[in-house]
Amino acid sequence: MIEIISATALATVQDAGRSGSLGYGVGTSGAMDHLALAIGNLLLGNPEGAAAIEIPLFPFEVRFVQDCAFAVTGAAGEATLDGQPLLPFWVLQAREGQVLSVGYPTSGSRVYLCLAGGVDVPPVLGSRSTQLRGEFGGFEGRALQQGDRLAAARPGLSEGPVDFGVISPSQALALHCDGVPAMRVLPAAEYECFVEDSRNAFWADDWKITGQSNRYGYRLEGTPILPSAPMEIRSHGIVPGVIQVPHGGQPIIQMRDAQPSGGYPKFGTVIEADLWRLGQAPVGSKVRFIQCSYPEALDALDDNRRYLEQVARLIDLHRMAPRQGH
Amino acid sequence: MSNEEIRQLAQWLSEARLGGVELQRPGMQLVLKRHLESVAAEESSDLPTNANQVPIRTCGLGQLLLSHPDQPQVLIAEDNHVDKGQIVALLQVGELLLPVHSPQAGHISRVLLQHGATVGYGEAIMQLEVAS
Amino acid sequence: MSEQPVISLLGSSALLFEAPGALALAPQQHLWSLALQVAQWPEIDEAVPGMNNLMLTFRTPPRDLAGLRERLLQAWQQSTPLALEGRIIELPVVYGGEHGPHLQDVVEHTGLDIDTIAHLHSEPLYPVYALGSHPGYCYLGGMDGRLATPRRQVPVLNIGAGAVSIGGVQTGVSASAGPSGWNTIGRTEMAFFDPQQNPPAILRPGDQIRFRIERIIR
């Protein structure tokens, strides 16, 4: 069990997401960087999609009320346990009373605190992700506050190895365009309905992630994307990654807490395999978009899967190795 | 060393994409080579026998990293003070990163190998000067 | 409007199937039928109806996309509309006042006065076409075309639960507080969603809503 000891906002319990309830108007929620979540869980021997705490604002401090193994993944920054620096994408054993402090990241934007066995909150509609609009799921359906206590499903001393880490997704799956982090996008239904100059600018320009960007959506700033003619779109289901272009031409990328349906013209969709890159793009940073095809999008999913499987396999080998004392 | 441990060692070699390893223990010598040109394990360089100088050794094989791939700064540099147990380097085996801890408190007097060097079991990577 | 359904990709996560023709109940019933069938396909996670469209989320995105499109078109051609038997739910609405902040915008766009808007809005029986937007929210068909008012250029950051709104040619009621790009003309009291119930949404496709004028604040 841990206790939140810093004043905090916007930190939520998230797992891999809530599927199967789109038909009730319930979006998926889930971790903005699902790879960081998966790695943290694999390091702890948890199911890959177990719930963790997503931390978007810093500093963030917790005290371990019980012995518990934990992993800190995602954005690399100043993380310490009782003042001792913690390496990125690392698993460690915490003892009762120790304080974990997560400071501002030097790269990336979201940090994941994973606990042994996963964060133990009741699943709602099949998931432990926080559904903020509906005020359910996660920890009491809301963002975490100072004083909140969260249980781990497997507290105590870790049976598996601790004090090791893995090569991060940013290293293993790096993608840049002209030195700027890039994401692949598949054109959507209304793509051809935007003027050609706008379409070309979308692929050629850097886009800035503005301050009005969060789990609901990322508002981008750049050359306005203009339609050839006004469009009224019927409401339809959407998924995280859909790039909507409202009046004014500044695109909004729907993210994990977006409405699961929308009626604005769609330019394209950031592919599922690259959503984690967006999840780690800090406010104020620039990104680029790369046009890709459906088969390429599936290949990208395969690349992610291969990386996770490789990591899982090495961690298993490490578990089996006769333990050496430190 | 059991057959299971040898099998596991061979698997580690394959994951780490290393050519081979030589191990010497009392009463045993083990040489493992892959179907690549064999890579001889490095001989330990001559180290001073000064009682205050303690070698920091690896407890595994892999690629030596002097900084974490996600961080710009080195973990430790020559003349830096280290606490007992402090991580001074990392061993990369495939995507895995294993810590090399300082066995005692002291100062790093020498960094013996370069970032990226292939290292074997029990290889000295740094020299630690301990208080007498 | 094109004759054939339009099938497009939502990244590699989902397919969007848009029925041809004018927005109407018959194609929606046809889509409910298609959804039931397609939801059984192994590569599909969920079949989510929208306004005369269907989003199919992938469990595992299929490599053979062309094959899936073919099967989908065939299933559409071979399926028959499903008239879902639902309940009629009546919602009392207070039109205008502080909970109808955009009623004046609708007046200006449509050229109708407040009373006419309230009466035209509360006249029909609205079929629930689909759920979406947020937990328990119902997309309704059957709004009188004279009330159509485009979505707002600047969405409102927070509109309360029970907000009765018009967006383009559609109308709906918000089930919880949150942002909205629609024109809010009134308010009703109703619990639309309980995550502990099964199913958690109180209303479902096939139900019908009638708005009853409780009060008009001019």
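Residues numbered from 1 in each chain as written. Chains lettered and ligands numbered in written order. Predicted model: local features only at pLDDT ≥ 70, side-chain atom pairs only at ≥ 80, totals over all residues.

**Let's talk about the overall build of chain C**
Formally: Segments assigned H or I by DSSP are reported as helices when at least four residues long, segments assigned E as strands when at least two residues long, and all are numbered from the N terminus. For the radius of gyration, the atoms used are the C-alpha atoms, and the globule rule reads 2.2 Å times the number of residues raised to 0.38. Three exposure classes are used, all based on how many other C-beta atoms lie within 10 Å of a residue's own C-beta (placed from the backbone): buried at 20 or more, exposed at 12 or fewer, and partly exposed between those limits. Remark: residues whose backbone-derived C-beta atoms lie within 7 Å of one another are considered to be in contact.
From N to C terminus, chain C includes four helices and 13 strands. Taken over the C-alpha trace, chain C has a radius of gyration of 18 Å; the compact-globule value for 218 residues is 17 Å, and the two agree within 12%. With respect to the principal axes defined by its C-alpha atoms, chain C has extents near 55 × 40 × 35 Å. Across the 218 residues in chain C, those meeting the buried criterion constitute 48%. Considering only contacts in chain C between residues 6 or more positions apart, those separated by 24 or more positions represent 61%.

**Describing the overall build of chain B**
Counting its secondary structure elements, chain B contains one helix and 10 strands. Counting every position in chain B, which comprises 132 residues, the buried fraction comes to 27%. For chain B, restricting intrachain contacts to residue pairs at least 6 apart in sequence, the fraction spanning at least 24 positions comes to 56%.

**Regarding the sheet that holds strand β5 (residues 81-82) of chain B**
Residues and elements named next belong to chain B. Note the following rule: Here, strands pair whenever DSSP counts at least two bridges between them.
What the four strands build is an open sheet, ordered β3-β10-β8-β5; its pairing is antiparallel. A strand with exactly one partner marks an edge of an open sheet, and here the two such strands are β3 (53-57) and β5. For strand β8 (residues 106-111) and strand β10 (residues 124-129), the ladder comprises four bridges, and the chain directions are antiparallel. Bridge assignment links Arg110 to a residue of β10, and that residue is Gln127.

**As for the confidence of the model for chain B**
Inclusion rule: The predictor rates its confidence in each residue with pLDDT, a number between 0 and 100.
In the predicted model, chain B carries a mean pLDDT of 80, and 64% of its residues have values of at least 70. Counting interchain partners and residues more than four positions distant, the pLDDT-below-50 stretch residues 36-44 of chain B has 15 contacts.

**What about the packing of helix α1 (residues 25-38) of chain C against helix α2 (residues 65-78) of chain C?**
Any two packed helices are characterised by how steeply their axes cross, that is the angle between the axes, and by the distance between the axes. Residues and elements named next belong to chain C. To keep things clear, this is the line we draw: Axis definition: a line fitted to C-alpha atoms, limited for helices to the stretch in contact. Angles are taken between N-to-C directions and run from 0 to 180 degrees. Our angle categories are set so that under 35 degrees counts as roughly parallel, over 145 as roughly antiparallel, 65 to 115 as roughly perpendicular, and the remainder as oblique. The handedness criterion is simple: a crossing whose near helix is rotated anticlockwise from the far helix by less than a right angle is left-handed, and one whose near helix is rotated clockwise is right-handed.
Orientation of α1 relative to α2, taken along the N-to-C sense of each, is 130 degrees, at an axis distance of 9 Å. Considering the angle they form, α1 stands oblique to α2. Our pair here, α1 against α2, has a crossing hand that is right-handed. Residues Leu34, Gln37 and Val38 of α1 form the contact with α2, whose participating residues are Leu72, Ala75 and Trp76.

**Focus on helix α5 (residues 294-320) of chain A**
What counts, and what does not: Expected helix span is computed as 1.5 Å times (number of residues minus one).
Along its 27 residues, α5 of chain A runs 39 Å from first to last C-alpha, staying within 8% of the 39 Å computed at 1.5 Å per residue. Listed as buried for α5 of chain A are Ala297, Leu298, Asn304, Val311, Leu314 and Ile315 of chain A.

**Some words on the domain arrangement of chain C**
Residue and element names in this part refer to chain C. For the record, the criterion: By convention here, the domain bounds are inherited from an automatic or database domain assignment. Three categories are distinguished: nonpolar for Ala, Val, Leu, Ile, Met, Phe, Trp, Tyr, Cys and Pro, charged for Asp, Glu, Lys and Arg, and polar for the others, with Gly belonging to the last.
Looking at chain C, the domain boundaries give domain 1 (6-78) and domain 2 (88-217). Placing a centre on the C-alpha atoms of domain 1 and another on those of domain 2 gives a separation of 27 Å. Contacts between the two partners involve seven residues from domain 1, matched on the other side by nine residues from domain 2. For the side of domain 1 that touches domain 2, the class distribution of residues is five nonpolar, two polar and no charged.

**Looking at the pairing of strand β7 (residues 90-94) of chain A**
Residue and element names in this part refer to chain A. For β7, the tally of buried residues reaches four of five residues, placing the bulk of the element in the interior. Both strand β5 (residues 68-81) and β7 contribute to a ladder of five bridges, which runs antiparallel. Paired with Ala69 across the two strands is Gln93, which belongs to β7. Here β7 runs beside strand β10 (residues 164-166); their pairing, made up of two bridges, is antiparallel.

**So, the interface of chain C and chain A**
When the parts come together, some accessible area is lost, and that loss is often what is quoted as the size of the interface. Each partner contributes to the interface: chain C provides 42 residues, whereas chain A provides 38 residues. Among the elements of the structure, β1 (6-10), β2 (14-18), β3 (44-49) and β4 (53-58) of chain C are those that each provide at least two residues to the side of chain C that touches chain A. Here the element with the most residues in the side of chain C that touches chain A is β1 of chain C; it accounts for four residues. Of the residues in the side of chain C that touches chain A, the class split is 20 nonpolar, 18 polar and four charged.

**Observations regarding the interface of chain B and chain A**
Tallying the contact residues gives 20 residues for chain B and 22 residues for chain A. Elements supplying a minimum of two residues to the side of chain B that touches chain A: α1 (3-16), β6 (87-93) and β7 (96-101) of chain B. For the side of chain B that touches chain A, the per-class residue count stands at nine nonpolar, seven polar and four charged. Sheet topology places β10 of chain A next to β7 of chain B; two bridges connect them, and they run antiparallel. Its bridge partner being in β7 of chain B, Val166 of chain A is matched across the sheet by Leu96 of chain B.

**Side note on the sheet that holds β1 of chain C**
Residues and elements named next belong to chain C. Read from one edge of the open sheet, four strands run β1-β2-β4-β3, paired in antiparallel fashion. If you trace the sheet from one side to the other, it starts and ends with β1 and β3, each paired once. On average, each strand axis in the sheet is tilted by 20 degrees relative to the strand beside it, whichever way the strands run. Summarising the sheet, β2 and β4 pair through five bridges and their orientation is antiparallel. In the strand pairing of β4, Leu16 is matched with Met55. Across the face of the sheet, α1 comes into contact with β3 and β4 while running at roughly 170 degrees to β3.

**Brief notes about the environment of Ala94 of chain A**
Residues and elements named next belong to chain A. Relative to the elements of secondary structure, Ala94 occurs in strand β7. Considered as a pair, Ala94 and Arg149 are 55 residues apart in the sequence and their alpha carbons are 16 Å apart. With residues up to four places along the chain from it excluded, the contact list for Ala94 reads Phe64, Asp67, Cys68, Phe70, Leu81 and Leu100.

**Things to note about the arrangement of the chains**
Across the two pairs of chains that are in contact, the largest number of contacts falls between chains A and C. One finds no contact between chain B and chain C; the C-alpha atoms of the two approach each other to within 26 Å at their closest.

**Examining the environment of Ile108 of chain B**
Topologically, Ile108 of chain B is positioned in strand β8. C-alpha separation for the pair Ile108 of chain B and Gln127 of chain B, spaced 19 residues apart in sequence, amounts to 5.9 Å.

**So, the pairing of β6 of chain B**
Residues and elements named next belong to chain B. Along β6, six of the seven residues are buried, which leaves the element largely enclosed by surrounding structure. For β6 and β7, the ladder comprises six bridges, and the chain directions are antiparallel. Across the sheet, Ile87 pairs through a bridge with His101, a residue of β7.

**Description of the environment of Ala131 of chain B**
Residues and elements named next belong to chain B. By secondary structure assignment, the location of Ala131 is in the segment after β10. For Ala131, a count of 8 C-beta atoms within 10 Å gives the class exposed. Here the alpha-carbon distance between Ala131 and Gly94, two residues 37 residues apart in the chain, equals 36 Å.

**Brief notes about the confidence of the model for chain C**
Confidence in the prediction for chain C averages 94 pLDDT; 99% of positions are at 70 or higher. Quick note on the complex model: pTM equals 0.90, ipTM equals 0.95.

**Focus: helix α4 (residues 114-122) of chain C**
All names here are of chain C. The condition is simple: It is the directions from the helix axis to the C-beta atoms whose arc is reported.
Of all the positions in α4, only Ile117, Ala118 and His121 are classed as buried. One side of α4 holds all its buried residues, which, seen down the axis, span an arc of 95 degrees. Elements that come into contact with the buried residues of α4 comprise β5 (88-96), α3 (103-110), β10 (170-173), β12 (183-188) and β13 (208-217).

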